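Examination of the molecular architecture
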Amino acid sequence: MADSGSMDGLELIGDGEAFQETLCGMIESVPMFSELPRADVQALAGYVRAYEAKKGTPIFKEGAKGMFMCIVISGRIDILKEDQDREQKKVAVVRPGKSMGEMSLLDELPYSATAVAQEDAQLLLLTRMNFLRLGEERPLLCNAVLRQIARLMSLRLRQTTGVLLDYLSSE
């Protein structure tokens, strides 16, 4: 059973044995988990929960304690960052199959940006508590998830470095 954490505004889609197959299908639709064998997908389903966020719903807020990572199953999520004038600027859009908030699973620091549903969305959430439980109960599966998070963060860092280089070159 997953823990709820602080997820104001998000509605639980389903839970329990009856929802297991739906959760497995959601997990299998995510590129990050595409190489997991079915048994691992079924095990991972016991650590995640599926939620719905209506258009305009904040998923998490910049500066709030990082409690979970999300994987977008349907819909789009805007990632907003405050500038020096405390105005929110859109820095990214997260589309189906992509994740957000994964750094919070690893560093326990506050979220570095705000995530808001641009349209109605379905999300898979993995809380920090369940991530730690996954590590204790299923270390090999947790290691596979960690490798995917590390690969994702590496790709994002490479992209950011490229954008920064382009920005510096244009000055």
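Owing to the predicted nature of the structure, the values given are computational and were not obtained by experimental measurement.

Examining the pairing of strand β2 (residues 49-53)
Strand residues, when the strand is regular, have side chains that alternate between the two faces of the sheet. Within β2, four of the five residues are buried, which leaves it mostly tucked inside the rest of the structure. Here strand β1 (residues 11-14) runs beside β2; their pairing, made up of three bridges, is antiparallel. Residue pairing in the sheet places G14 in a bridge with A50 of β2. One ladder, built from five bridges, connects β2 with strand β9 (residues 121-127); its direction is antiparallel. In the strand pairing of β9, A53 is matched with A121.

Topic: unusual backbone geometry
In terms of backbone geometry, most residues other than glycine have negative phi values and most peptide bonds are trans. A positive phi is found at R86, a non-glycine position, where the angle reads about 65°. Considering the arrangement of structural elements, one finds R86 in the loop between β5 (77-82) and β6 (88-94). Even without glycine at this site, E108 takes up a positive phi of about 60°. On the basis of relative accessible area, E108 is assigned to the partly exposed category, the value being 45%.

A word on the confidence of the model for the protein
Segments scoring low in pLDDT should not have their predicted coordinates read at a detailed level. Here the protein averages 90 in pLDDT, while 96% of its residues score no lower than 70. The low-confidence segment residues 1-6 (pLDDT under 50) makes 18 contacts with residues lying over four places distant or belonging to another chain.

Points about the nonpolar core
One finds F33 and L124 to be the most contacted residues of the largest nonpolar core, which totals 30 residues. The set of elements that each furnish at least two residues to this core consists of α1 (20-28), α2 (38-44), β4 (68-74), β9, α4 (128-137) and α5 (139-169). Broken down by element, this core gets its largest block of residues, six residues, from α5. With near-sequence residues (within four places) excluded, F33 lies in contact with I27, L44, I71 and V145. Of all hydrophobic cores here, the second largest spans 19 residues; its members include F60, C70, V72 and M100.

Quick word on α4
Buried within α4 we find R128, N130, F131 and L134. The buried residues of α4 occupy an angular sector of 165° when the element is viewed end-on, so they sit on one face. Residues of α4 that are exposed and point more than 90 degrees away from the buried face comprise M129 and E136. Of the surrounding elements, those touching the buried residues of α4 are α2, β4, α3 (103-107), β9 and α5.

Cut-offs and rules
- Residues numbered from 1 in each chain as written.
- Predicted model: local features only at pLDDT ≥ 70, side-chain atom pairs only at ≥ 80, totals over all residues.
- Heavy atoms only, no water.
- Buried < 20%, exposed > 50% of the residue type's maximum accessible area, 1.4 Å probe, protein only.
- Helix = DSSP H or I, 4+ residues; strand = E, 2+ residues; numbered from the N terminus.
- Pairing = 2+ DSSP bridges.
- pLDDT = per-residue confidence, 0-100.
- Contact = heavy atoms within 4.5 Å.
- Core = buried A, V, L, I, M, F, W, Y, C linked by side-chain atoms within 4.5 Å.
- Arc of directions from axis to C-beta.

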